[in-house]
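Fold and contact review
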Amino acid sequence: MTTMTDASVREFKMPDVGEGLTEAEILKWYVQPGDTVTDGQVVCEVETAKAAVELPIPYDGVVRALHFPEGTTVDVGTSIIAVDVSGGAAPAAEEPAAPPQEEETEPQGRQPVLVGYGVSASSTKRRPRKGAEVPRQEPEPAARALQAELNGHGPAAAPAQARPLAKPPVRKLAKDLGVDLATVTPTGPDGIITREDVHAAVAPQAPAAEPVPAAPQAPAPAAAAAAPVAPYDGARETRVPVKGVRKATAAAMVGSAFTAPHVTEFVTVDVTRTLKLVEELKADKEFAGLRVNPLLLISKALLVAIKRNPDVNASWDEANQEIVRKHYVNLGIAAATPRGLIVPNIKDADAKTLPQLAEALGELVSTAREGRTSPAAMQGGTVTITNVGVFGVDTGTPILNPGESAILAVGAIKLQPWVHKGKVKPRQVTTLALSFDHRLVDGELGSKVLADVAAILEQPKRLITWA
């Protein structure tokens, strides 16, 4: 995403590196003013609400300016770097011309390496930006002005056309409460409307007739004075800004927990035979070089259970009041990373053989640990597995990944006394927990899915007879 400011300088804007993302944090700059860059060269790394992504520059030139330092969160569509494409010295003019309103032609030979760059060469036109244009006077204030306009804080004419910024769960809450987001005053960072803002917009409706007297305004200073009663103790507390993956996870979990009615069922199962099969597969030449562990067979067991109970693989379409049944399974695997919890998924996992599934799981885990999971890998999931057993936990009540109907939690596998063939023997036992969206999965269907997974893990030969 670029903008021409004069004959030789191009402004590279923060692209939408994932579906529907509105902002990204600049983690690291790989270039500095005066450096020469070439088409396709990575100039910075940014962290979105879903992953860390490297941004390549789409043309050759010399870096004129970096508009934001590392650690800054920037809205999509805001210029982040200026590049002189003339190959000469920087022009003397301090005031770049205002961006043209007409559609621009993309540079010849650009490649669609990132969402937001376009999909073809010069024959493709860019869509004009919505809202009024803000004249740019200086590079530094211009970036702020443009960002303010994108956030809905532009000139008087802009609010009539600008769409209020809010996360999907907040938009859903506003719709349920009958609140017009255009009338809500945002308090979130960069003008984003929060859940608290929506609730605040609803709360004053009852006492709306009481603001006539001036007297009620008097308690306001008292409330303000009461705020410093609990000062922040930097020696005893640490405040960590909520952003990136953690911010997205928090919003998604709150939205899921208060939108989808969760039901969680549990079952304890003897997985001794499954562990024996894992050891046998490790010695099989078909699995040479592949990661073989209990998660592989648990994943396959869930896929078989979904095949036997396909109605569980669905999603709820609130806008159209429809249940969308999926004829494919994109299997999500919850992964804890240094940046927070992410849920990449294996596309069309139901169509993969066991060795192919093992390879896909290995790639998913290694990519997540390196922090290189792409936004595309975290989109389109249908069901998820979260393995809390790796932390020594027996089980849990997992929250659904937004847009999915079920999530399976796997507890720690422990040697326990178990009645086996009429005698109490030490067996490898674990507890499974299945949470599902009760709007589209009733108790019978959820119970059948969980029972099938348990039955397969108890008798792994069912992978053959049931598949």
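Residues numbered from 1 in each chain as written. Predicted model: local features only at pLDDT ≥ 70, side-chain atom pairs only at ≥ 80, totals over all residues. Heavy atoms only, no water.

1. Notes on the confidence of the model for the chain
Summarising the model, the chain shows a mean pLDDT of 78, and 72% of its residues fall at 70 or more. A low-confidence stretch, residues 89-140 (pLDDT under 50), is modelled with 89 contacts involving residues beyond four sequence positions or located in other chains. Note on residues 218-229: pLDDT under 50 across the span, and zero contacts to partners over four residues away in sequence or across chains. (pLDDT = per-residue confidence, 0-100. Contact = heavy atoms within 4.5 Å.)

2. Re helix H8 (residues 354-369)
The terminal C-alpha atoms of H8 lie 23 Å apart, and with 16 residues this matches the ideal 22 Å at 1.5 Å per residue to within 8%. Where H8 is buried, its residues touch helix H6 (272-282), helix H7 (294-308), strand E13 (331-333), strand E14 (335-337), strand E15 (340-342) and strand E16 (345-346). Once H8 finishes, Gly371 follows within two positions and takes phi at roughly 75°, a positive value. (Helix = DSSP H or I, 4+ residues; strand = E, 2+ residues; numbered from the N terminus. Expected span 1.5 Å × (residues − 1).)

3. Some words on unusual backbone geometry
Phi angles above zero are rare outside glycine, and Gln321 is one such case at about 50°. Structurally, Gln321 is set in the loop between strand E11 (314-317) and strand E12 (322-325). Take Gln321: its relative accessible area is 51%, and that puts it in the exposed class. For Asp348, which is not glycine, the phi torsion reads 50° and is therefore positive. Note that Asp348 resides in the loop between E16 and H8. Using a relative accessible area of 41% as the deciding quantity, one classes Asp348 as partly exposed. (Buried < 20%, exposed > 50% of the residue type's maximum accessible area, 1.4 Å probe, protein only.)

4. Describing the sheet that holds strand E3 (residues 23-29)
With antiparallel pairing, four strands are arranged side by side in an open sheet as E6-E5-E3-E8. The open sheet has two edge strands, strand E6 (52-56) and strand E8 (73-75), and neither has a second partner. Recorded for the sheet is a direction-independent mean angle of 40° between the axes of neighbouring strands. Taken together, the three bridges between E3 and E8 define a ladder with antiparallel strand orientation. In the sheet register, Glu25 faces E8, and the bridge partner there is Thr73. (Pairing = 2+ DSSP bridges. Axes fitted to C-alpha atoms, helices over the stretch in contact; angles between N-to-C directions.)

5. Describing the nonpolar core
Leu296, Leu302, Ile385, Leu408, Leu432 and Val453 are the most contacted members of the largest nonpolar core, which totals 47 residues. Broken down by element, this core gets its largest block of residues, 10 residues, from H7. Setting aside chain neighbours within four positions, we find Val453 in contact with Ala301, Leu302, Ala305, Leu408 and Leu432. In terms of nonpolar packing, the next biggest core, distinct from the first, is built from 21 residues, Leu55, Tyr59, Val74 and Ile80 among them. (Core = buried A, V, L, I, M, F, W, Y, C linked by side-chain atoms within 4.5 Å.)

6. Thoughts on the pattern of salt bridges
In this structure the tally under the stated criterion is nine salt bridges. One salt bridge connects Asp270 with Arg427, and the closest N-O pair in it is separated by 2.8 Å. Of this pair, Asp270 sits in strand E10 (residues 262-270) while Arg427 sits in strand E20 (residues 423-437), and the two are 157 residues apart along the sequence. Residue Asp270 is classed as buried on the basis of its relative accessible area, which comes to 3%. For Arg427, a relative accessible area of 10% corresponds to the buried category. (Salt bridge = Lys/Arg side-chain N within 4 Å of Asp/Glu carboxyl O.)

7. Structural notes on the packing of H7 against H8
Two numbers describe how H7 lies on H8: the axes approach to 10 Å, and their chain directions differ by 120°. Put simply, H7 runs oblique to H8. Note on packing geometry: the crossing formed by H7 with H8 is right-handed. Packed against H7, whose contacting residues are Leu295, Leu296, Leu297, Ser299, Lys300 and Leu303, the element H8 presents Leu354, Leu357, Ala358 and Leu361 at the interface. Here the residues of the contact of H7 with H8 are counted per class, giving eight nonpolar, one polar and one charged. (Parallel < 35°, antiparallel > 145°, perpendicular 65-115°, else oblique. Left-handed = near helix turned anticlockwise from the far one by under 90°. Nonpolar A, V, L, I, M, F, W, Y, C, P; charged D, E, K, R; others polar.)

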